[in-house]
Amino acid sequence: MDRHDMLLSPAGVDALRTALTRARFTANGIADRLGPQATGAVARNDYRAALRATEDRDPLATLIRVFICDQTEPEPVVAAALAPLTVEEALAGGLVEQHGEGLRAGVDLEPYGDDWFVLADVPASARPGRPLHAEHVLGIGGATQTLIGATVRRPVETALDLGTGSGVQALHLSTHARRVTATDVSERALRFAATTAALNGQDWELLRGDLVAPVAGRRFDLVVSNPPFVVGPGTTTHVYRDSGRVGDAIGAELAAAAPHLLTEGGTMQYLANWVHVTGEDWAERVTGWFAGTGLDAWVIQREVADPMAYVNLWLTDVGETADPQRMAAWLDWFDAHKVEAVGFGIVSLRRAGHDEPIVRVEDLRQRVEPPLGDRVDEWFDRQDWLRARDTDGLLAARYRAADGLQLRQEATMGADGWAVDRQVLAMPRGLRWSEEIDPLVLALVGGADGRLPLRDQLALLAAAHDVAPDELAEAAGPIVAHLVERGLVEPVAD
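Parameters at a glance
Residues numbered from 1 in each chain as written. Predicted model: local features only at pLDDT ≥ 70, side-chain atom pairs only at ≥ 80, totals over all residues. Heavy atoms only, no water. Helix = DSSP H or I, 4+ residues; strand = E, 2+ residues; numbered from the N terminus. Buried < 20%, exposed > 50% of the residue type's maximum accessible area, 1.4 Å probe, protein only. Contact = heavy atoms within 4.5 Å. Pairing = 2+ DSSP bridges. Right-handed = clockwise from strand over helix to strand, strands pointing away. Phe/Tyr/Trp six-rings, centres within 6.5 Å; stacked < 30°, edge-to-face > 60°. Salt bridge = Lys/Arg side-chain N within 4 Å of Asp/Glu carboxyl O. Expected span 1.5 Å × (residues − 1). Arc of directions from axis to C-beta. Core = buried A, V, L, I, M, F, W, Y, C linked by side-chain atoms within 4.5 Å.

1. Focus on the overall build of the chain
Helix and strand counts for the chain come out as 18 helices and 18 strands. Over its C-alpha atoms, taken along the principal directions, the chain stretches across nearly 90 × 50 × 45 Å. With 494 residues in all, the chain has 50% of them scored as buried. Of the contacts made within the chain by residues no fewer than 6 positions apart, 68% connect residues no fewer than 24 positions apart.

Structural data, given as structure tokens:
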């Protein structure tokens, strides 16, 4: 996409950057101006303290009032804050718009990170009653932040952002990829992304088309996507939300495309929704997406919503809550297809080049230690370690319990004192898994201090529990592999 295809001309972008940096309209500059209490209140859409702190209308105060607090300000004041960008250029590019006797924000201009800026459409919540554009460009919402946090951040040569929208994922990719490509089906979204890129001094390859079509035949080291994953009958009203695919087909479609997008060792991560159908195992359904791909896959379900809550969420998101017919049609589709819930989560795939790929689909609802992307990277590393070892290799390795591993017990008081009913290993760090275990596994983990090979440790346990060593070793292999996968015990390097 040509760099001139932006909301502003290249000279206008340079002028806007000058205005923003000169005024210190950055995340840190705004926080310093408002103070912690007002900054925290703004995050809750309470602008009272921020408006009191910006009554003098200097350039930073004006920019905060217009682009953070969504106020209408007199044109001469806005002109002074945006200079050297002219009001005429700002109006032509949609940066501001006429409202009443002044000017207000025409876009969501958000200072982000240490010194970034992201351009998107003004959210529906800020302009109630005004319908969203069919090609509405989202800003930095919850799903966006989820993918940002879940992305593996290893340095790579090439990275692809499928469905870039405002360009925020591409912005993060630019910190660890030498070349960034971003696609979107919406020409309007690409104009926003191009402006975001230029405003931050970035030069991305921007291509228009549906999902992977613009990059057919090309491969990348890292692919990320926050696609229009919303589940429904395939009706398309807003491209950021609706893919035009029926049900959860877009998740399966991306899985099928992944082998053709990734370089050897490459990673693809995307957000997805999937249906929970009455009488079916949702995990088996999602597992089927990866059959024949040859990719390692880890799918974690972070949330589940019932159909009514799900439809309400997405109708509210675009301001359609007053459309009972739309709601009824959507719910009728869920009923007809026996959908009892919708899951939301993260799909992480890696092209590891193995004949027997590992596929795990599981619930991970607990709060995890951020960033989740590091936890994903560690999970794939553990799979590589396990795959390189047969049972003899597992038995020959030495292990130690993970740092901070906790044992939690539930016991019942009886006539003879406390009787332990349940013992749980719990990790207070990382993925924060909890595993109920039996006394033998507890003894195995308790003895994992990194000094003895597992085979020798099992010989001691066999003698103590009067069990045949070979039988214990055969049973212990899968158990230890599972504990390693979950990160509850760690292999000790030779």
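2. Focus on the pairing of strand 6 (residues 177–184)
Each regular strand carries side chains that alternate between the two faces of the sheet. Strand 6 sits mainly inside the fold: 6 of its 8 residues count as buried. Of the pairings in the sheet, the one linking strand 5 (residues 156–162) to strand 6 comprises 6 bridges and is parallel in character. Note on strand 6: the bridge partner recorded for Thr158 is Arg179. Handedness of the β-α-β unit built from strand 5, helix 8 (residues 168–173) and strand 6 comes out right-handed. Bridge count for strand 6 against strand 7 (residues 205–208) is 4 bridges, and the pairing is parallel. Note that in strand 7 the partner of Asp184 across the bridge is Arg208. Handedness of the crossover is the feature at issue here: the chain leaves strand 6, passes through helix 9 (residues 187–199), returns alongside strand 7, and the resulting connection is right-handed.

3. Thoughts on the packing of aromatic side chains
The full count for this structure, using the stated rule, is 13 aromatic pairs. Plain terms: the ring middles of Trp298 and Trp379 are 4.9 Å apart, the flat faces sit at 5° to each other, and that makes the pair stacked. One end of the pair, Trp298, is in strand 10 (residues 296–305); the other, Trp379, is in helix 14 (residues 372–387), with 81 residues separating them in the sequence. Residue classification places Trp379 among the buried residues on the basis of a relative accessible area of 1%. Joined through ring pairs, the aromatic side chains of Trp274, Trp282, Trp289 and Phe290 make up one cluster.

4. Digging into the pattern of salt bridges
Scanning all chains against the criterion turns up 37 salt bridges. A salt bridge links Glu157 to Arg178; the shortest N-O distance between them is 3.5 Å. Of this pair, Glu157 sits in strand 5 while Arg178 sits in strand 6, and the two are 21 residues apart along the sequence. Glu157 is the partner of Arg179 in a salt bridge, and the nearest nitrogen-oxygen pair spans 3.5 Å.

5. Section: helix 1 (residues 10–23)
For helix 1, with 14 residues, the first-to-last C-alpha span of 20 Å sits near the 20 Å given by 1.5 Å per residue. If you check which residues of helix 1 are buried, you get Gly12, Val13, Ala15, Leu16, Ala19, Leu20 and Ala23. Mapping the buried residues of helix 1 onto a view down its axis gives an arc of 165°, with all of them on the same face. When the buried face of helix 1 is taken as reference, the exposed residues oriented beyond 90 degrees from it are Ala11 and Arg22. Among the structural elements, helix 4 (59–68), helix 5 (75–82), helix 6 (87–92), strand 3 (108–112), strand 4 (116–120) and helix 9 are those in contact with the buried residues of helix 1. Downstream of helix 1 by one or two residues, Arg24 has phi in the positive range, about 65°.

6. Brief notes about unusual backbone geometry
Of note, the amide linkage connecting Ala83 to Pro84 takes the cis form, showing an omega dihedral of 15°. Secondary-structure assignment places Pro84 in the loop between helix 5 and helix 6. Cis rather than trans, the peptide bond between Pro370 and Pro371 has omega equal to -5°. Tracing the sequence through the fold places Pro371 in the loop between strand 12 (359–363) and helix 14. One non-glycine residue, Asn45, adopts positive backbone phi at about 65°. Take Asn45: it is sitting in the loop between helix 2 (27–43) and helix 3 (48–53). On the basis of relative accessible area, Asn45 is assigned to the exposed category, the value being 58%.

7. Some words on the nonpolar core
Counting residues in each nonpolar core, the largest one holds 100 residues, and the members touching the most others are Phe25, Phe67, Leu82, Leu95, Leu109 and Phe334. It is helix 9 that contributes the most residues to this core, 8 residues altogether. Those residues in contact with Leu109, other than ones at most four positions away along the chain, are Leu20, Phe25, Phe67, Phe117, Val118, Leu119 and Leu199. Counting 28 residues, the second-largest nonpolar core is a separate cluster that includes Leu211, Ala255, Tyr270 and Val299.

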